[in-house]
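# Structural description and commentary
Each chain, written out:
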Amino acid sequence: MKRMLLLLLAALGVLAGGAAGWAWHWWQSPLALPADGVEFTVEPGSSPRAVAQGWVQAGVPADARWLFWGFRLSGDAHRIRAGSYALVAGDSPERLLAKMVRGDETLESVRLIEGWTFGQARAALARAPGLRQTLQGLSDADVMARLGAANVPAEGRFFPDTYRYGRGVSDRVVLQQAMGAMQRKLDEAWARRAPGSPLRTPDELLTLASIVEKETGREADRGLVAGVFSNRLRIGMRLQTDPTVIYGLGERFDGNLRKVDLQTDTPFNTYTRAGLPPTPIALPGWASLQAAAQPAQTPALYFVARGDGSSEFSETLEAHNRAVNRYQR
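Small disclaimer: the values here were computed from a predicted structure and weren't measured.

Quick notes on the rules
Residues numbered from 1 in each chain as written. Predicted model: local features only at pLDDT ≥ 70, side-chain atom pairs only at ≥ 80, totals over all residues. Heavy atoms only, no water. Helix = DSSP H or I, 4+ residues; strand = E, 2+ residues; numbered from the N terminus. Rg over C-alpha atoms; globule rule 2.2 N^0.38 Å. Buried < 20%, exposed > 50% of the residue type's maximum accessible area, 1.4 Å probe, protein only. Contact = heavy atoms within 4.5 Å. Lys, Arg positive; Asp, Glu negative; His and termini not counted. Charge placed at Lys NZ, Arg CZ, Asp CG, Glu CD. Core = buried A, V, L, I, M, F, W, Y, C linked by side-chain atoms within 4.5 Å. Axes fitted to C-alpha atoms, helices over the stretch in contact; angles between N-to-C directions. Parallel < 35°, antiparallel > 145°, perpendicular 65-115°, else oblique. Left-handed = near helix turned anticlockwise from the far one by under 90°. Nonpolar A, V, L, I, M, F, W, Y, C, P; charged D, E, K, R; others polar. Salt bridge = Lys/Arg side-chain N within 4 Å of Asp/Glu carboxyl O.

## Here we look at the overall build of the protein chain
Within the protein chain, the secondary structure is distributed over 13 helices and 6 strands. A globule of 329 residues ought to have a C-alpha radius of gyration of about 20 Å, yet the protein chain, at 30 Å, is considerably larger. Across its three principal directions, the C-alpha atoms of the protein chain cover 120 × 35 × 35 Å. The buried share of the protein chain, reckoned over its 329 residues, is 41%. Long-range pairs, those at least 24 residues apart, make up 62% of the contacts in the protein chain with a sequence separation of at least 6. Placing the 38 positive and 33 negative side-chain charges of the protein chain at their respective mean positions leaves the two points 5 Å apart.

Structure representation (structure tokens):
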């Protein structure tokens, strides 16, 4: 009887060892994933068991109980991070856990371009892959309120850059990042502004930078363009810049700026009104913020496009008219 018990215990030991060996092999072996892999978003606060079940529901060919116990026995279950992850061919359960512990997310990206309006930026966010849409249908003012900036004009308040995000992240989060980035850049540019600048507030710097962004066709001219506008502001001369008029026309602009448009008063028409327009007209990049804060020292009060992306700068109206005749008439 005693011998039979010993034989039975030995057999159970072999079976247990074999099961443990099989489990270890499974934990380290590639999963039979679909050709396009499997993606899953771990929500904040998800339990290890819920994470295991979520992966299986997403398409991982495994028993959720095995995944859960793998997480538990590894000792890393409590280190799983929220985020969007992807499994690809060759990934094992062990690598799956490692990705979640490292926070090795599958990231998408959206790019906001210098010179875009806020409307164009919102359209890009609406097209962005994997971005959860929470702001569609809201007015710009309502969007700013959702971002904690009620009564702040939306135009120009978001730094143009490439923003990476995990799938399932909301459009509000990306805009919050872009708004924070612009505020930091604006604060830095304002702190570096040149002595004697005609700009009175950071908001004025942002507005001027947006005009410089729209008026500059060649990088080398950016500081000079800012210098011309700064000179005009300093002596009370109207800016007379077409991009502000176009912005004021909104959807009425058909691509052809007419003389009547320059003569029709709007809050953004810098031919009919002195000073800066009431808000920025576009998203300025860092180079334009720097140029507005530290414009080139120039006596020029005029410039005209040469047609090759560069501009001709003039000190007097007579010289400017000659340049207009040469390059545009």
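## Quick look at the nonpolar core
Core analysis: the biggest nonpolar cluster contains 50 residues, and V110, F158, Y163, L175, L205, F229 and L289 have the highest contact counts within it. Elements with a contribution of two residues or more to this core: α5 (118–127), α6 (140–146), β4 (162–166), α7 (171–191), α8 (202–215), α9 (222–235) and α12 (286–293). Top element by residues in this core is α7. It accounts for 9 residues. Once residues lying within four places of it in the same chain are set aside, the contact partners of L205 are L186, A189, W190, L199, L289, A292 and A293. If you look at the next biggest cluster of nonpolar residues, it comprises 22 residues, including L31, V38, W55 and A77.

## Points about the side chain of T244
Its location among the elements puts T244 in helix α10 (residues 242–249). Looking at T244, the relative accessible area reads 0%, which means it is buried. Contacts of T244, omitting those with residues within four sequence positions, involve I211, F268, T270, P277 and I281.

## Here's the deal with the environment of G250
Tracing the backbone shows G250 in the loop between α10 and α11 (259–263). Given a relative accessible area of 40%, G250 falls into the partly exposed group. Remark: the alpha-carbon pair of G250 and D91, spanning 159 residues in sequence, is separated by 52 Å.

## Describing the packing of α7 against α12
Between α7 and α12, the shortest axis-to-axis distance is 9 Å and the interhelical angle comes to 30°. Taken as axis vectors, α7 and α12 run roughly parallel relative to one another. Our pair here, α7 against α12, has a crossing hand that is right-handed. Counting all contacts with α7, which are made through M182, K185, L186, E188 and A189, the residues of α12 involved are W286, L289 and A293. The residue inventory of the contact of α7 with α12, partitioned by class, reads 6 nonpolar, no polar and 2 charged.

## Focus on the pattern of salt bridges
For the structure shown, the criterion picks out 15 salt bridges. With a shortest N-O distance of 3.2 Å, R102 and D104 are connected by a salt bridge. When salt bridges that share partners are traced, they join D91, R95 and K99 into one network.

## Description of the packing of helix α2 (residues 48–58) against helix α3 (residues 64–74)
Contact geometry of α2 with α3 gives a least axis separation of 8 Å together with a crossing angle of 140°. In terms of their interaxial angle, α2 and α3 are classed as oblique. Both α2 and α3 take part in a crossing whose hand is right-handed. Here P48, R49, V51, A52, Q53, W55 and V56 of α2 lie close against α3, whose contacting residues are A64, L67, F68 and F71.

## Quick notes on the side chain of H320
Here H320 shows up in helix α13 (residues 317–327). Residue classification places H320 among the buried residues on the basis of a relative accessible area of 14%. Look past the residues within four positions of H320 in its chain and what remains in contact with it is Y302, F303, V304 and S314.

Coordinates in, geometry out; function isn't part of it.
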